[in-house]
Amino acid sequence: MRKSHITKVMAMALAASLAVGTAPAVYAADTAEPKVVYSFDFEDGDVSAFTNRGGDDTTELSASKDAAVSGETALLASGRSESWNGPAFRLDDKLEPYTEYYISAKIKGRYYTGAMMSFQYTVDGETKYSNLVQNLNGSDWMSVERVKVSFTEDMEGVYVYFEGGSDDLFIDDFVVEEVPAVEIEQDIPGLAAMFGNDFKVGTALVPGNLSSRSTMDLVEKHFYQSLTAGNEMKPDSVLNKAACQAYVEETGDDTVPQISFGAAKPLLNYCRNNNVPMRIHTLVWHSQTPDWFFKENYADDGEWVSKEKMLLRMENYIKVFFETLTELYPTVDFYACDVVNEAWLEDGKPRQPGEQGSGGSAKSAWVQVFGDNSFIEPAFTYARKYAPEGCKLYYNDYNEYMDGKMNAIIDMAKDLKEKGVIDGIGMQSHLDARQSLDAAFPSVAMYNNALNKYSELGLDIQVTELDVTTPENPKDADFAVQAAYYEGIWDAIYAHKDNISAVILWGVTDDQSWRAKQYPLLFDAEYKAKECFKSIVDGYEMPEVIPTNPPVIPTEPATTEPTTKPVEPTTPVVEVTLYGDANGDDVVSIADAAAILQAIGNADKYELSEQGKANADVCNPGGGLTAADAIAIQKLDAKLIDSLPVTE
Ligand code: 9MR
């Protein structure tokens, strides 16, 4: 096992670097400066590259000499009526997708103001916002320096914009630069190559990471065995509120949640194109799950639904989640799924009932509706029923080494194991190295004890979100402690390798981590391996046979020869009015796909009209109504195909 000699490791490093890559990498020399793509100092009085965001009639953008950083002129947004009105710069009509850019700018209120720089885009008809830089406060010029942005080809209306206060806002020296790709270190061992015969080694990504060639080079060298979507397969990304409400309006049925994998699509496509297995995270969680999902008619201000109705919603969500995913991505290996996430508190009790955002982050709408944690078992039962073959089912949690929580997880897991609906425990492993090995939490011994306990269950273990924080503003000594602690944890994991099937880092480089201020990952912002990377590989040997990801061959549905001559239809043939319009509302949307699936599942309750049936028969027309028709409509909605009907 460990602590043989490093020389061998280094010698084999190059051979171990596997190429599952996408575009050929073009690297800037080490000294390369970012390339300026746009630069505005507004001295020529032209502000036409910016528009006003927020749809009010009163805001005006102009060139003003009332304030300036460089020269005498700045962009002024005056007459703003809401804090979200302000100057916006559109990216997707000027810049390239899958490319990283730095945005820099100077911003100032006419008087004291709190300002933000934010990001907006629309995908699958839904507009999303996020704050890139918050907490700019003051009466003088404030700086935004080299903030990274990127977008994918699925995003439309992509803007960077300035907001905050309702005072006049000045912007000056707005610069867009292309981030140079840095060549990663090839002379170090690949983690997946080194440990991948023992357990899969992977990471979590968000779509923005796909734009960083250097990040993806690290993924392809070290983490090619498993990818988790950092946020995009969580309920708040997958549930489509407008479609859910439209479906209720149309059918009167509010138990069939409507979903879209639009946000996850770039990551799913990456896994498909590069043959990377995926961990699904997560189906049932109190957090990042909208409260309206638990309310009558999916209305924000609706009453909480009954437990019976929520069970139907849960089953239909899990069903449509897996069915859609496996139909859209038949060659992706969805090898693991976090069915339930973070349901137990540290004292071994369920969470408090309540809306997600109500007083602290710990409340659970699942507990609100079910009264306790009795939603866990049906979640696993449905997941077992609908998950594709080979997709193992996990309960996933943090602080999973603390006694109260650990015992609750163990009791729950024994019960679920007896019922045959769980395969393993996901240990998130968000750990904290602190100032010394003695102060680290948990101690290596405590973590090791949890590994022992979960191993004894006879279930699989996956380390699902590993990261290890340092104190803020770490010094060299803190990185040394982090390295020693990572080494201890990794050794404990390796000692349990017979019970562990995957070890997933929660991100690639420190600067992109959810805990960036505490530098928790194995690579730094310059894509260099940190001391903690070196400490975990040091002494392990590269295997003779480097693991690769076998391609997934989708299984064809069984076909049987018809044994009788088909009966000629006796009803008059109905001409198609609009291919895909199963519900007769003159548009083709995922509501049509849902109507078809309902009609197939329960024809008595959800029969389509004759016209609807004719319109719905979009996959191999003439073959009658099948799930393939619904899938073709979903593919159209996801822009995977351009038109209907389709022949397969
Ligand atoms: O990495 C995720 C981060 O981008 C989100 O802001 C955050 C919001 O809850 O969720 C992070 O991922 C969490 C994961 O889904 C569950 N375990 C804890 C992770 C870190 O918060």
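Everything that follows concerns the structure shown earlier in this document.
Computed from a predicted structure; not experimentally measured. For every chain, the first residue of the written sequence is number 1, and numbering continues from 1 along that sequence. Per-residue local features of the predicted model are confined to residues with pLDDT of at least 70, and side-chain atom pairs are confined, for both listing and counting, to 80 or more; whole-chain, interface and lining totals are unaffected and use all residues. Here the side-chain values reflect all heavy atoms present in the structure, with hydrogen atoms and water set aside.

Focus: the pattern of salt bridges
Put simply, the rule is: The term salt bridge refers to a pairing of a side-chain nitrogen on Lys or Arg with a carboxyl oxygen on Asp or Glu at a separation within 4 Å. Strands are runs of DSSP state E lasting at least 2 residues, helices are runs of H or I lasting at least 4, and numbering of each runs from the N terminus. Relative accessibility under 20% of the residue-type maximum defines a buried residue, over 50% an exposed one, and the middle range a partly exposed one, all with a 1.4 Å probe and only protein chains included.
Across all of its chains, the model carries 33 salt bridges by this definition. Of the charged contacts in the structure, one is a salt bridge between arginine 110 and aspartate 168, with a shortest N-O distance of 2.8 Å. A residue pair is termed long-range when its members are at least 10 positions apart, and arginine 110 in the loop between β6 (101-109) and β7 (113-123) and aspartate 168 in the loop between β10 (156-163) and β11 (169-178) qualify at 58 residues. Accessibility expressed as a relative area gives 28% for arginine 110, which makes it partly exposed. Bridged by salt links that share partners, the residues Asp254, Glu296, Lys309 and Arg313 form one connected network.

Quick word on the packing of helix α6 (residues 241-251) against helix α15 (residues 590-601)
Short version of the rule: Fitting a line to C-alpha atoms yields each axis, with helices limited to the stretch in contact; the angle taken between N-to-C directions then spans 0 to 180 degrees. Each angle is binned into one of four classes, with values under 35 degrees roughly parallel, values over 145 roughly antiparallel, values of 65 to 115 roughly perpendicular, and all other values oblique. In this scheme the crossing of two helices becomes right-handed for a clockwise turn of the near helix relative to the far one and left-handed for an anticlockwise turn of less than a right angle. In what follows, residue pairs with any heavy atoms lying within 4.5 Å of each other are defined as contacts. The nonpolar class holds Ala, Val, Leu, Ile, Met, Phe, Trp, Tyr, Cys and Pro. Asp, Glu, Lys and Arg form the charged class, and all remaining residues, Gly among them, are polar.
At a minimum axis separation of 10 Å, α6 and α15 run at an interaxial angle of 55°. By the angle class used here, α6 and α15 are oblique. Seen along the crossing, α6 lies across α15 with a hand that is right-handed. Note on element contacts: α15 touches α6 through Ile590, Ala591, Ala594, Ala595 and Gln598, opposite Ala243, Tyr247 and Glu250. Class assignment for the residues of the contact of α6 with α15 results in six nonpolar, one polar and one charged.

Considerations on the pairing of β6
Our working rule: Only strands joined by at least two bridges in the DSSP assignment are considered to pair.
Where burial is concerned, most of β6 is hidden: eight out of the nine residues are buried. One ladder, built from six bridges, connects β6 with strand β9 (residues 142-149); its direction is antiparallel. By the bridge assignment for β9, isoleucine 107 is matched with methionine 142.

Some points on unusual backbone geometry
In this chain, histidine 281 is followed by threonine 282 through a cis amide linkage whose omega measures 10°. Relative to the assigned elements, threonine 282 resides in strand β14 (residues 278-285). With a phi angle near 60°, asparagine 135 is a residue other than glycine that sits in the positive phi range. We note that aspartate 173 has phi near 50°; this positive angle belongs to a residue other than glycine.

Looking at the site of the ligand
Basically, it comes down to this: Each residue is tested against the molecule or strand, and it is near if at least one of its non-hydrogen atoms lies within 4 Å. Side-chain atoms alone can form a polar contact between residues adjacent in sequence; in general such a contact is a pair of N or O atoms within 3.5 Å, and within protein one must be able to donate a hydrogen while the other accepts it. Per-residue and other accessible areas follow the Shrake-Rupley method at a 1.4 Å probe size, with only the shown protein chains counted as cover for residues.
Looking at the ligand, there are 13 residues lining it, with Lys234, His281, Gln428, Glu465 and Trp506 nearest. Between the ligand and glutamine 428 there is a distance of 2.9 Å, counted from a nitrogen atom to a side-chain nitrogen or oxygen. A distance of 2.6 Å separates a nitrogen atom of the ligand from a polar side-chain atom of glutamate 465. A total of 450 Å² of accessible area belongs to the ligand in isolation, and the protein chains cover 72% of it.

A closer look at the environment of proline 87
Note on placement: proline 87 falls in strand β5 (residues 86-90). What makes proline 87 buried here is its relative accessible area of 0%. As for proline 87 and glutamate 60, which are separated by 27 residues in sequence, their C-alpha atoms are 9.2 Å apart. Not counting residues up to four positions away in its chain, the partners in contact with proline 87 are Phe50, Thr51, Leu61, Leu75, Ala77, Val160, Tyr161, Phe162, Leu169 and Ile171.

These figures come from the coordinates and say nothing about function on their own.
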